[in-house]
Structures are given as structure tokens and as C-alpha cells.
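Spelled out from the first residue to the last, the chains are:
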Amino acid sequence: MNNNQIPGYLSIYTIFQLIGIFLILSVFLWLQIYRTGFGFNGTIHICNWHPLLMTITFIYLFANSILHFRNFRNTPKRKLKMQHATIHSCIVIFGVLGIWTGLNSNLIANPPIPKFYSFHSWLGIITVIMFLFQFTSGFISFLYPEIAMKYKKVIMPYHIIFGILTFVLSIVTSVLGFSEKVIFALNQQYEHMPTEGLFLNFVGIVLIVYGVMVVYILIKPEYKRSSKPDDGVTNNGT
């Protein structure tokens, strides 16, 4: 059965993609209009890359990666696994760049800004560690041919649950990061509900809705990929 034959899937998938693109554009416009834009010179310009790159990688690409098996359900699973791993590899590459911009901007500030003290940074570290563990364990378990099939079947449910949890943490971390940045930027002006503050509050709400929609698509039984004879190891949750 293709996606067009599943009631409601095409509509919710279209909304999911539109919201994801909206989030990226919203973060870009916020940083470009209100936070002086992007660059590789100056603390603010470098730091602004961090929220944009993390939104692209740990929100949009991550969501598309974990939904990849839903969206291309008629493609051989071996090929989907390779594509899934490729998207995750892109997340690692650009995610590292996003983390570097955040850390580097703190180091070159005068005086230097303390690191890893906020709840956002703590959750960010946990999320990245979980993602790297998920990526490494998934690559070894499902793409390395020497792993016995019985072990792959045991690992699969935990791989799915751990992936959903990591994505949820990335949503929470991003919302906290937006709040932290706008509060520091606006300081006491924030309590007077300026346009920038209201805009970021709205983006935060949309981000939460986006996360709920992704989890809904993942756990809804009707949207799950049906097992096929050439799938090898599979699970009803994929």
C-alpha cells in the first residue's frame, strides 16, 4: 500500500513538511531581522548560526529521518536503511558545526561567556550523546552484516523507542534554547511583550506542535510500514 492509499496520511505529511520549512524560515528571519544576521566575525554573528543549524539538523532533518520508513514504504528496506544512515550522517556533520558556533562565540566574547551552566546546555549535551549512541548502535546493529538476525530483532524495539525519546529531547532543548536566547537578548524588555518576544513564543508553540505531530505519525498504527518478504529484520513500529 502506498501513502496515497492510507486515509489522511498525505494531508498530515504535507502539513508536517510545511511546518518544518516554516520553522527554518522563521528562525532565519528572526536572526536576520532582530539579531543582526549571520557571519564568521563577531560573537553575535557567529552565535546566530547555532540556533539555525540546530533547527535544520536536530529538528527538521531528524524528523524526516525517523519518518523515512513511513514516507517511502514501497522502497526496499535495505535501501531505506542506507538513506536513513546518510541523513543521520548529515545531522552529525552540520550538528557539529552548529555546536562549534555556539561554543566558539562564547570563547571569543569579551569577557568570555561561561559554558555549560544552563539547563538548555545540559539537555543539549544529553541529546547529542543520545543521538550519537543511537547513530553508532544503529549503524553497527542494522548495517553490519555479521550481526545475527536474532540480535537485530531484539534491538529493534529499543532502537525505535530510544530514537523517539531523543527527538522529543531535541524539541525540548530547542524550546529552552529559544527562550534563553531571547530572554538574554531582550533582558527587561521581554516582560513588556515586544514583537520579537511574541514572535519567538509563537515559534516555540509551533515547534511543540511539530514535535507532537511527528510522534503521532510514528505511533499511529495505520501509518506504520507493513513488513515485506525482502525486509529482513523488521518491526511493527517501523
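Notes on the packing of helix α1 (residues 9–33) against helix α8 (residues 195–219)
Argument step 1. Two elements in contact, α1 and α8, have axes separated by 10 Å at closest approach and are oriented at 150°. Our classification of the angle between α1 and α8 gives roughly antiparallel. The interaxial crossing formed by α1 with α8 has left-handed handedness. On the side of α1, the interface is formed by Y9, I12, I15, F16, I19, G20, F22, L23, S26 and W30, while α8 contributes E196, F199, L200, F202, V203, V206, L207, Y210, M213, V214, Y216 and I217.
Argument step 2. Of the residues contributing to the contact of α1 with α8, the split by class is 19 nonpolar, two polar and one charged.

Side note on the pattern of salt bridges
Argument step 1. In this structure the tally under the stated criterion is two salt bridges.
Argument step 2. In this structure, E196 engages R35 in a salt bridge whose closest nitrogen and oxygen atoms are separated by 2.8 Å. Taken together, the residues span a long stretch of sequence, with E196 in helix α8 and R35 in the loop between α1 and α2 (43–47) at a distance of 161 residues. When sorted by exposure, E196 lands in the same class as R35, which is buried.
Argument step 3. With its nearest N and O atoms 3.5 Å apart, the salt bridge here joins E222 to K220.

Thresholds, definitions, all that
- Residues numbered from 1 in each chain as written.
- Predicted model: local features only at pLDDT ≥ 70, side-chain atom pairs only at ≥ 80, totals over all residues.
- Heavy atoms only, no water.
- Axes fitted to C-alpha atoms, helices over the stretch in contact; angles between N-to-C directions.
- Helix = DSSP H or I, 4+ residues; strand = E, 2+ residues; numbered from the N terminus.
- Parallel < 35°, antiparallel > 145°, perpendicular 65-115°, else oblique.
- Left-handed = near helix turned anticlockwise from the far one by under 90°.
- Contact = heavy atoms within 4.5 Å.
- Nonpolar A, V, L, I, M, F, W, Y, C, P; charged D, E, K, R; others polar.
- Salt bridge = Lys/Arg side-chain N within 4 Å of Asp/Glu carboxyl O.
- Buried < 20%, exposed > 50% of the residue type's maximum accessible area, 1.4 Å probe, protein only.

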